[in-house]
Amino acid sequence: MSVDYDISKWIKIADNELSSAKHLFETHKPMPCEIVCFLSQQSAEKIIKGYLFSQNIEAPKTHDLEVLCDMCIEVEAGFNAFSRETATLSHYGVLPRYPNEIELTEQDAETALKYADKIMQFVKPLLPFQN
């Protein structure tokens, strides 16, 4: 499988995942906390990988945002500000997909959304294509 380097597609997917997470957070009761956290992580992952691709850097196949962010720091020191966010969100990339692996709360979902949005707001202006 080849990787699509069309940065606008990565931005669109990241935006869609974050807006879906926000919609679930705001409208569904009981809230599907695991899905909100997972989509938040996926949104941050896509926007960070989009940034790497925009810099002609091959992003590895990983859900570990700390690894991806460390790669970004090599190009843009501002990514240093996201160590807490990437560490927290990384836990939501795999574990919520499986029953009984992690129990998440509405507070976790709110934090995940906040962190993903913070990363999105930082990265998008650095990208050549913006929606």
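Scroll up to find the structure this text is about.
Computed from a prediction, not measured in an experiment: that's the story for all the values here. (Residues numbered from 1 in each chain as written. Predicted model: local features only at pLDDT ≥ 70, side-chain atom pairs only at ≥ 80, totals over all residues. Heavy atoms only, no water.)

Some remarks on the packing of helix α3 (residues 65-73) against helix α4 (residues 83-90)
The contact between α3 and α4 brings their axes to 8 Å, and the two run at 150°. Packed against α3, whose contacting residues are Leu65, Glu66 and Cys69, the element α4 presents Thr86, Ala87, Leu89 and Ser90 at the interface. Of the residues that constitute the contact of α3 with α4, the class distribution is 4 nonpolar, 2 polar and 1 charged. (Axes fitted to C-alpha atoms, helices over the stretch in contact; angles between N-to-C directions. Helix = DSSP H or I, 4+ residues; strand = E, 2+ residues; numbered from the N terminus. Contact = heavy atoms within 4.5 Å. Nonpolar A, V, L, I, M, F, W, Y, C, P; charged D, E, K, R; others polar.)

Here we look at the packing of aromatic side chains
Applying the stated rule across the entire model yields 5 aromatic pairs. With a centroid separation of 5.0 Å and 45° between ring planes, the pair formed by Tyr51 and Phe79 is classed as tilted. Pair noted here: Tyr51 is in helix α2 (residues 33-54) and Phe79 is in the loop between α3 and α4, with a separation of 28 residues, a long-range link. Judged on exposure class, the residue Tyr51 and its partner Phe79 are both buried. Seen from their ring centres, Phe79 and Phe122 are 5.1 Å apart, and the 90° between their planes marks the pair as edge-to-face. Placement of Phe79 in the loop between α3 and α4 and of Phe122 in helix α5 (residues 106-123) is noted, with a sequence separation of 43 residues between them. A relative accessible area of 1% places Phe79 in the buried class. Grouping aromatic residues by their ring pairs yields a cluster made of Tyr51, Phe79, Phe82 and Phe122. (Phe/Tyr/Trp six-rings, centres within 6.5 Å; stacked < 30°, edge-to-face > 60°. Buried < 20%, exposed > 50% of the residue type's maximum accessible area, 1.4 Å probe, protein only.)

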